[in-house]
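One-letter residues, chain by chain:
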Amino acid sequence: MRFETYPFEKLTRLLEGITPPAELAPMALTIGEPQFPTPQFILDEFAARAGELRYYPKSGGEEFLHTAQRAFVARRFGVTLSKDQLIPTFGTREVLFNLPQYLLFDKTYPVMAFPNPFYQIYEGAAIASRARIIHLPLLPESGFKPVIDEHELAACDLVILNSPSNPTAAVMTLDELCEWARLSAKYGFILINDECYSEIYSTTPPPSLLEAAKAIGNDRFENILVLNSISKRSNAPGLRSGFVAGDASILAGYRQYRTYVGAAIPLPLQHAAAVAWSDESHVAKAREAYRENFVIAEEILGVAPSLATFYLWLFVNDDLEAAKKLYQEANLKVLPGSFLGRNKAGEGYVRLALVYEPARTREALTRFASVMKGIA
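This one's a predicted model, so the numbers in the text were calculated from it and none came from an experiment.

Within the largest apolar cluster, 47 residues are counted, with the highest numbers of intra-cluster contacts made by Leu332, Val334, Leu352 and Phe368. Those elements giving two or more residues to this core turn out to be helix H1 (7-14), helix H11 (281-301), strand S9 (311-315), helix H12 (319-330), strand S12 (349-353) and helix H13 (358-375). Of the residues forming this core, the biggest block, six residues, is contributed by H11. Discounting chain neighbours no more than four positions away, the residues touching Phe368 are Leu301, Leu314, Val316, Leu326, Leu332, Val334, Val350 and Leu352. Counting residues in each nonpolar core, the second largest holds 44 residues, with Leu81, Ala113, Cys156 and Trp277 among its members.

In structure tokens:
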């Protein structure tokens, strides 16, 4: 089993031998890890429940976490889920890796499609599943939304979408998600939307694939699944709290599979996650901070705010040269787009994660603009 080198390892190799200016403090806009403090009420709940580390957690999650996550889905998307339509998970990265392996295990020649460029776990899951990969191009002329080729989709067993998108920050409309849901029904492939950035948006809340399924009359979410996570919305990636929701018939078998995986969530983390999923005020504050960062980006770089996520996807002509130059001249790390795609997808772009407080964001983007002006 051979996996592609992870993007951050590629960046380390790219920058080897370059000495950045020592007078400038190092700054990195590479990783999508919120740098704002985790809200105190979440930390307080975690501390109060620390004694429960002495208990084994249930692999399927506790009822209080189920309830909080289903309430979030109802409150945010207007979709009521039964208990068998949602599984709390240890974040979503583990699900994105092991769920395709579970779904494709019995396929003799599995076929899996996902966007290109992409979050690399999708590719890793396909490799681990022995799946033939179909890339769904994310092109500027299509607004960086996955291009539909029905001839290719007819052969698919599993399709993963990612809206809002990492790395491009594009957001699919409800109508566009409905079209994908119809294609799933037409060709019988399982359709997953990775919705981990759904709560970080500028003005309009992005829709869920669950809403699209209901809109086309698929009230039981047949072959439809979504994933979401607390990491971005609550500045708490270390809580490792996510869920997969949708088709109960798929989740029944996957729930049993997970008893063997060993990815149960420690009870103190479940309690802290439950209070976080149940509160919206702290999420509104986080969105406001990211909005401020996008205002700064518009002021310094002249780019419009992203509709969702905290990423900027910027064209720089030569992404590898730009990354090296930014490190060499400004002690600033950015992620080349070509590290996030295959077959030249992402080439010429860089991804910037605006995850710091406004003062640091301003400093980083000022350095970025100065260097890019010099190589334009």
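In this fold, Asn343 is placed in the loop between strand S11 (335-336) and S12. In this structure the C-alpha to C-alpha distance between Asn343 and Asp44, which are 299 residues apart in sequence, comes to 47 Å.

Bringing the state of the cysteines into the picture now. Taken as a whole, this structure holds zero disulfides when the rule is applied. Between Cys156, a free cysteine, and Cys178, which holds the nearest cysteine sulfur, the sulfur-to-sulfur gap is 20 Å.

With that settled, consider the pattern of salt bridges. The full count for this structure, using the stated rule, is 21 salt bridges. Where Glu280 meets Arg75, a salt bridge forms, and the shortest distance between an N and an O atom there is 2.7 Å. With Glu280 in the loop between helix H10 (267-277) and H11 and Arg75 in helix H3 (residues 63-77), the pair connects residues that are 205 residues apart, well separated along the chain. With relative accessibility at 26%, the residue Glu280 sits in the partly exposed group. Each of Glu45, Arg49 and Glu52 takes part in salt bridges that share partners, so that together they form one network.

Once that is clear, we can look at the sheet that holds strand S4 (residues 132-137). The strand order S2-S8-S7-S6-S5-S3-S4 describes an open sheet built from seven strands, whose pairing is mixed. Edge positions in the open sheet fall to strand S2 (86-90) and S4, since each of these has one partner strand only. Neighbour-to-neighbour, the strand axes of this sheet turn through a mean angle of 20°, independent of strand direction. In this sheet, strand S8 (residues 241-246) lies alongside S2 in antiparallel orientation, the contact comprising five bridges. Across the sheet, residue Leu86 finds its bridge partner in S8, namely Ala245. Relative to S8, H10 is tilted by about 65°, and along the sheet it contacts S2, strand S7 (224-229) and S8.

Moving on: the packing of H3 against H10. It is at 9 Å that the axes of H3 and H10 come closest, and there the two elements cross at 20°. Here H3 is positioned roughly parallel relative to H10, judged by the angle of their axes. Here H3 runs over H10; the crossing is left-handed. When H3 is examined against H10, the residues Phe64, Leu65, Ala68, Gln69, Phe72 and Arg75 are found in contact with a partner set consisting of Gln270, His271, Ala273, Ala274 and Trp277. Here the contact of H3 with H10 is composed, by residue class, of seven nonpolar, three polar and one charged.

Moving on: the sheet that holds S11. The strand order S9-S12-S11 describes an open sheet built from three strands, whose pairing is antiparallel. The open sheet has two free edges, formed respectively by S9 and S11, since each of these has just one partner strand. Bridging between S9 and S12 involves five bridges; their strand directions are antiparallel. By the bridge assignment, Phe315 is partnered in S12 with Tyr349.

The next thing to look at is unusual backbone geometry. Excluding glycine, residues mostly have negative phi values, and the peptide bonds linking residues are mostly trans. Going from Ser163 to Pro164, the amide bond is cis rather than trans, its omega being 0°. Inspection of the secondary structure puts Pro164 in the loop between strand S5 (158-161) and helix H7 (174-187). A positive phi is found at Phe144, a non-glycine position, where the angle reads about 60°. When its relative accessible area of 17% is taken as the criterion, Phe144 is described as buried. You will see that Thr309, though not glycine, has its phi angle at about 70°, which is positive. Relative to the assigned elements, Thr309 resides in the loop between H11 and S9.

This part takes up the packing of aromatic side chains. All chains considered together, the criterion is met by 20 aromatic pairs. Centroid distance Tyr102 to Tyr254: 5.7 Å. Interplanar angle 50°. Geometry classified as tilted. A residue pair is termed long-range when its members are at least 10 positions apart, and Tyr102 in helix H4 (residues 93-104) and Tyr254 in helix H9 (residues 248-261) qualify at 152 residues. Since its relative accessible area comes to 26%, Tyr102 is described here as partly exposed. Centre to centre, the rings of Tyr197 and Tyr311 are 5.4 Å apart; their planes meet at 55°, and the pair counts as tilted. Remark: Tyr311 occurs in strand S9 and Tyr197 occurs in the loop between strand S6 (190-194) and helix H8 (209-215); sequence separation between them is 114 residues. Looking at Tyr197, the relative accessible area reads 5%, which means it is buried. The class of Tyr311 is buried, set by a relative accessible area of 1%. Taken together through their ring pairs, the aromatic side chains of Phe36, Tyr197, Tyr290, Phe310 and Tyr311 make up a single cluster. Over the ring of Tyr356 we find Arg360, and its NZ or CZ is 4.4 Å from the ring centre.

Rules of the game
- Residues numbered from 1 in each chain as written.
- Predicted model: local features only at pLDDT ≥ 70, side-chain atom pairs only at ≥ 80, totals over all residues.
- Heavy atoms only, no water.
- Core = buried A, V, L, I, M, F, W, Y, C linked by side-chain atoms within 4.5 Å.
- Buried < 20%, exposed > 50% of the residue type's maximum accessible area, 1.4 Å probe, protein only.
- Helix = DSSP H or I, 4+ residues; strand = E, 2+ residues; numbered from the N terminus.
- Contact = heavy atoms within 4.5 Å.
- Disulfide = S-S within 2.5 Å.
- Salt bridge = Lys/Arg side-chain N within 4 Å of Asp/Glu carboxyl O.
- Pairing = 2+ DSSP bridges.
- Axes fitted to C-alpha atoms, helices over the stretch in contact; angles between N-to-C directions.
- Parallel < 35°, antiparallel > 145°, perpendicular 65-115°, else oblique.
- Left-handed = near helix turned anticlockwise from the far one by under 90°.
- Nonpolar A, V, L, I, M, F, W, Y, C, P; charged D, E, K, R; others polar.
- Phe/Tyr/Trp six-rings, centres within 6.5 Å; stacked < 30°, edge-to-face > 60°.
- Lys NZ or Arg CZ within 6 Å of the ring centre and 35° of its normal.

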